[in-house]
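Structural overview
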Amino acid sequence: QLQLSESGPGLVKPSETLSLTCTVSGVSISGSNFYWGWIRQPPGKGLEWIGSVHYGGSAHYNRSLKSRVTISVDTSKNQFSLKLSSVTAADTAMYYCARLEPYFDYWGQGTLVTVSS
Amino acid sequence: DIQVTQSPSSLSASVGDRVTITCRTSQGISTHLAWYQQKPGRAPKLLIYGASTLQSGVPSRFSGSGSGTEFTLTISSLQPEDVATYYCQKYNAAPLYTFGQGTKVEI
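This section reports on the structure supplied with the text. (Residues numbered from 1 in each chain as written. Chains lettered and ligands numbered in written order. Predicted model: local features only at pLDDT ≥ 70, side-chain atom pairs only at ≥ 80, totals over all residues. Heavy atoms only, no water.)

Describing the sheet that holds strand E8 (residues 70-75) of chain B
Residues and elements named next belong to chain B. Pairing in this open sheet of 4 strands is antiparallel, and the strands run E1-E3-E8-E7 from one edge to the other. If you trace the sheet from one side to the other, it starts and ends with strand E1 (4-7) and strand E7 (62-67), each paired once. This sheet shows a mean twist of 15 degrees between the axes of neighbouring strands, independent of strand direction. Alignment of strand E3 (residues 19-25) against E8, held across 6 bridges, turns out to be antiparallel. Directly across from Thr22, in E8, lies its bridge partner Thr72. (Pairing = 2+ DSSP bridges. Helix = DSSP H or I, 4+ residues; strand = E, 2+ residues; numbered from the N terminus. Axes fitted to C-alpha atoms, helices over the stretch in contact; angles between N-to-C directions.)

Structure, rendered in structure tokens:
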């Protein structure tokens, strides 16, 4: 059974870099031709796709966040990661990782990240 | 960029009612559209992909239709457990994705 789990700090200071990791279990990231993605949801608001990565390293980002986002994959750990730099309060959100089919068919439970000093 | 517009933003209906949610795109996307259900405090759950294909395990009272620029999600007989926010998502330009604004369904 495929499962995804997000991990990382729940509190990040303004102007710093948000770093999250998604651990995949039940399937090998490098054994399948899927993309793996990050989606976020500010409190009380809708869903926003952040970006996606393929196990080969090819990554694609939401144009509105592209200058601040890096998504990478570590096949040895069966994980992929999100880095969002220069965060502000507007980056406070629930962050989800998901598998792309190319629709999002498996999701992690999400992790809340608050940007505050 | 292709815009995705979902309507209504919220609705209230009674148990047993037929409920319809619409998603419109500014350009044609064939049937590259998915629908998700998000219950409070939970991650979204895939309901429908390819505009009309029901994801495994999803109750048959959910259905999707449409192609091109107009799509609908229908709940044939609303149940209390269907209280949630529903999102459409286009994926014609994979790996670039856009979600609709969401429709909150209440009873």
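Quick look at the state of the cysteines
Here a disulfide denotes one covalent bond, and it connects the sulfur atoms of two cysteines. On inspection of all chains with the given rule, the structure shows 2 disulfides over all chains. In this model, Cys22 of chain A is linked to Cys97 of chain A through a disulfide, with the two sulfur atoms separated by 2.1 Å. Here Cys22 of chain A and Cys97 of chain A share a disulfide; its torsion about the S-S bond, 60 degrees, makes the bridge right-handed. Taken together, the residues span a long stretch of sequence, with Cys22 of chain A in strand E3 (residues 18-25) and Cys97 of chain A in strand E9 (residues 93-100) at a distance of 75 residues. As far as the burial class goes, Cys22 of chain A and Cys97 of chain A line up, both buried. In this model Cys23 of chain B forms its disulfide with Cys88 of chain B; the gap between the sulfur atoms is 2.1 Å. (Disulfide = S-S within 2.5 Å. Buried < 20%, exposed > 50% of the residue type's maximum accessible area, 1.4 Å probe, protein only.)

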